[in-house]
Amino acid sequence: MANTQLNIVILAAGLGKRMKSAIPKVLHTIGNVSLLERIIQTALSLEPQKVIVICGHERDIVQASLSHLPVQWVVQEAQLGTGHAALQAVPYLQNDSNTLILFADGPLISRDSLKGVVESTPKNGIALLVSEFADPHGLGRVVRDDKGLFLCIVEEKDATPEQLHLKEIFTGIVCAPTTQISQWLQHLTNDNAQGEYYLTELPRLALAEGCAVTTVRLANPQEAQGINDKKQLAQQERYFQTRQAEALMLQGLILRDPNRFDLRGEVIFGMDVVIEPNVILEGKITLGDRVTIGANTVIRNSTLGNDVIIKENCVIEESILSNDCTVGPFARLRPGTVLQSQVGIGNFVEIKKSTVGISTKINHLSYIGDATIGADVNIGAGTITCNYDGVNKHPTIIGDRAFIGSDTQLVAPVRIGEGATIGAGSTITKDAPANQLTLCRKQQMVIENWERPQKEGEH
Ligand code: UD1
Ligand code: CA
């Protein structure tokens, strides 16, 4: 059910100078999802009547990259400050609602924390989300009187030396009845050190009108850490990964070292799955029961069945592995790889767009592309499917129980019959019949009485 009482405005128009980047700040990513998309998704999870995103800097790129999201885009032509940004939303807000304002560069605020602010919003006044930071450098400080009553927020550049010692900070998140917030936004001035229209002046205007200012204390300051530079981006990535890893461990995943695990997407997993250090999972991943993933492995958009073992240093993309397969170390499974059950893939094997049948083994140094390989096949070391003629890709088909000798080139299109044996070192350009030995290599010869050349003077 939509919360008809709530409008949300997300400020995302700033340049992000401190990022020192050609990419708009709000399109930098955490866990492969842009900062702006993360905060929009959290906003949408509150089921508001509408979400308005204020864009400006590089707005075409920003809008195009998030066009799939149900939000209203409003342009702030010149970036004159956070208050000026919020003001742009005023014509589009619904008067009978509360308006919650969020910063796109604070993307990890939780739904529950936002809900707390919305629920604490006075009928006649404003709620602010505040927190205590050990290092408040650069942030707006909350100033209170002797009794602890809220007075105002002061920006770092406008603060007195005493105020700079204050550790209570403003997170950037406010919520107030729309009619009131709209009026206050229209009354902001830019009479401050930065010559900007500050959102942080709203509570001062509220107090001047005798309205209530409620401060809501955020228990976990890390949620509200803004991202202004690459250092903070990395810190928030780690915080996000830690939070995710902890949730996964509580769901039963064994992470040998949660600090050396990255999930940039979603993982569904069975019982007793073990993930060794330095594993990266991306996109949509499904892992069956008792899967083991060795150290330094990257898996993208793939499904692994029960009891699959991935040894160290593998890269697996858009592949499907059935039960009891073993892969690696040092194997690369490229998009379109399908391994049926009990397949063994060894070191330095690359497979692309190929299906490998039950119990087939490809243990060493091979390239298999555009191939359909049957069951119980043995592919010797150094086997290459020559699938590309420079223009087109051609298929290789290998029947059940075939045995391909080492260092064989299979020049596609080509078919190897069931039970066929290919002699080592062959270049196969024509179909090989079932159950026969096919080989293509020069006869071995011996040159008798041949002498090695010798250096002069040596005998
Ligand atoms: C702001 C707050 C500060 C607070 C801190 C929390 C103000 C004046 N200061 O400082 O009190 O402690 O966040 O992280 O509000 N933006 C626009 N248009 C503009 C300017 C900014 O859309 O003209 C957007 C930015 O894209 C960004 C957000 O507003 O997403 C915050 O702006 P930023 O410049 O990062 O503010 P801070 O200096 O971090
Ligand atoms: Ca900021």
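Cut-off values and rules
- Residues numbered from 1 in each chain as written.
- Chains lettered and ligands numbered in written order.
- Predicted model: local features only at pLDDT ≥ 70, side-chain atom pairs only at ≥ 80, totals over all residues.
- Heavy atoms only, no water.
- Helix = DSSP H or I, 4+ residues; strand = E, 2+ residues; numbered from the N terminus.
- Contact = heavy atoms within 4.5 Å.
- Donors = N, O, S within 2.8 Å, 3.2 Å for Na, K, Ca; no water.
- Buried < 20%, exposed > 50% of the residue type's maximum accessible area, 1.4 Å probe, protein only.
- Core = buried A, V, L, I, M, F, W, Y, C linked by side-chain atoms within 4.5 Å.
- Pairing = 2+ DSSP bridges.
- Near = heavy atom within 4 Å.
- Polar contact = N/O pair within 3.5 Å; in protein donor to acceptor, adjacent residues only side chain to side chain.
- Areas by Shrake-Rupley, 256 points an atom, 1.4 Å probe, with all protein chains shown as cover.
- Nonpolar A, V, L, I, M, F, W, Y, C, P; charged D, E, K, R; others polar.
- Domains from an automatic or database assignment.
- Buried area = accessible area lost by both parts, 1.4 Å probe.
- Salt bridge = Lys/Arg side-chain N within 4 Å of Asp/Glu carboxyl O.

Inspection of the secondary structure puts Val51 in strand E4 (residues 48–55). In the structure, Val51 is positioned 49 residues away from Leu100 in sequence and 9.5 Å away in space, judged by C-alpha atoms. Look past the residues within four positions of Val51 in its chain and what remains in contact with it is Ile8, Ile10, Ala43, Leu44, Val71 and Gln72.

Turning our eyes to something else, we now look at the coordination of the calcium ion (ligand 2). The protein atoms that coordinate the calcium ion (ligand 2) are Asp105 (OD) and Asn228 (OD1), at distances spanning 2.2 to 2.5 Å. One end of the pair, Asp105, is in the loop between strand E6 (98–103) and helix H4 (111–119); the other, Asn228, is in the loop between strand E11 (212–217) and helix H7 (230–250), with 123 residues separating them in the sequence. Just as Asp105 is buried, Asn228 falls in that class too.

The tendency in soluble globular proteins is for nonpolar side chains to be buried side by side. One finds Ile275, Leu281, Leu287, Leu339, Ile345 and Ile416 to be the most contacted residues of the largest nonpolar core, which totals 49 residues. Listed by contribution, the elements that provide at least two residues to this core are H7, strand E13 (261–269), strand E15 (279–287), strand E23 (331–333), strand E25 (344–352), strand E27 (361–369), strand E28 (371–373) and strand E34 (414–416). What Ile345 contacts, discounting residues up to four positions off in sequence, is Thr326, Val327, Gly328, Ala331, Leu333, Leu339, Ile351 and Ile362. Residues Ala12, Ile39, Ala127 and Leu218 belong to the second largest nonpolar core, which totals 31 residues.

Of all six residues in E6, five are buried, a share of seventy percent or more. Where E6 lies against strand E10 (residues 168–177), four bridges are found, and the strand directions are antiparallel. Its bridge partner being in E10, Asn98 is matched across the sheet by Pro177.

Every buried residue of helix H5 (residues 178–186) is listed here: Thr178, Gln180, Ile181, Ser182, Trp184 and Leu185. Taken together, the buried residues of H5 touch helix H3 (82–87), E6, strand E7 (125–132), E10 and helix H6 (202–208).

The next thing to look at is the site of ligand 1. Inspection of the region around ligand 1 gives 23 residues, with Gln76, Gly81, Thr82, Glu155 and Phe170 positioned closest. Between ligand 1 and the protein, one listed contact pairs an oxygen atom with a backbone N or O atom of Gly81 at 2.8 Å. Asn228 is positioned with one of its side-chain polar atoms (N or O) 3.4 Å from an oxygen atom of ligand 1. Look at ligand 1: alone it shows 760 Å² of surface, and the protein chains cover 90% of it. Counting only elements with at least two residues in the shell around ligand 1, the list comes to H3 and E10. Split into classes, the residues belonging to the shell around ligand 1 amount to ten nonpolar, nine polar and four charged.

Residue Pro329 follows Gly328 across a cis peptide bond; omega there is 0°. Along the chain, the position of Pro329 falls in the loop between strand E22 (326–327) and E23. Omega for the bond connecting Ala412 with Pro413 falls within 30 degrees of zero, at 0°, which places this linkage in the cis form. Mapped onto the elements of the fold, Pro413 is located in the loop between strand E33 (409–411) and E34. With phi around 70°, Asn32 is a residue other than glycine that occupies positive phi space. Mapped onto the secondary structure, Asn32 falls in the loop between strand E2 (29–30) and strand E3 (33–34). In this structure Asn32 comes out as partly exposed when scored by relative accessible area, which is 46%. Here Glu58, not a glycine, exhibits a phi torsion of approximately 50°, which is positive. Its place among the elements puts Glu58 in the loop between E4 and helix H2 (59–65). Residue Glu58 is classed as partly exposed on the basis of its relative accessible area of 34%.

Under the domain assignment, the chain is made up of domain 1 (5–224) and domain 2 (230–438). Contact residues are listed per partner, giving 14 residues for domain 1 and eleven residues for domain 2. Summed over both partners, the interface of domain 1 with domain 2 buries about 1,100 Å², with 57% contributed by carbon and sulfur atoms. Among the residues of domain 1 in contact with domain 2, Ile30, Leu108 and Gln222 are the three that bury the most area, contributing 42% of the side total. Taken together, domain 1 and domain 2 are joined by zero salt bridges. Elements supplying a minimum of two residues to the side of domain 1 that touches domain 2: E2 and helix H1 (35–45).

This brings us to the environment of Cys175. Along the chain, Cys175 turns up in strand E10. The exposure class assigned to Cys175 is buried, which follows from its relative accessible area of 0%. Residues Cys175 and Ile8 lie 167 residues apart in sequence; the distance between their C-alpha atoms is 8.9 Å.

Take the pattern of salt bridges next. This structure, assessed with the given rule, holds 18 salt bridges. Glu168 serves as the salt-bridge partner of Arg217, at 3.8 Å between the closest nitrogen and oxygen. One end of the pair, Arg217, is in strand E11; the other, Glu168, is in strand E10, and 49 residues separate them in sequence. Residue Arg217 is classed as partly exposed on the basis of its relative accessible area, which comes to 48%. Since its relative accessible area comes to 9%, Glu168 is described here as buried. In this structure, Glu282 and Arg264 form a salt bridge, with 3.0 Å as the shortest nitrogen-oxygen distance. Taken as a pair, Glu282 in strand E15 and Arg264 in strand E13 lie far apart in primary sequence, 18 residues in all. Judged by its relative accessible area of 13%, Glu282 falls in the buried class. Each of Glu132, Arg144, Glu168 and Arg217 takes part in salt bridges that share partners, so that together they form one network.

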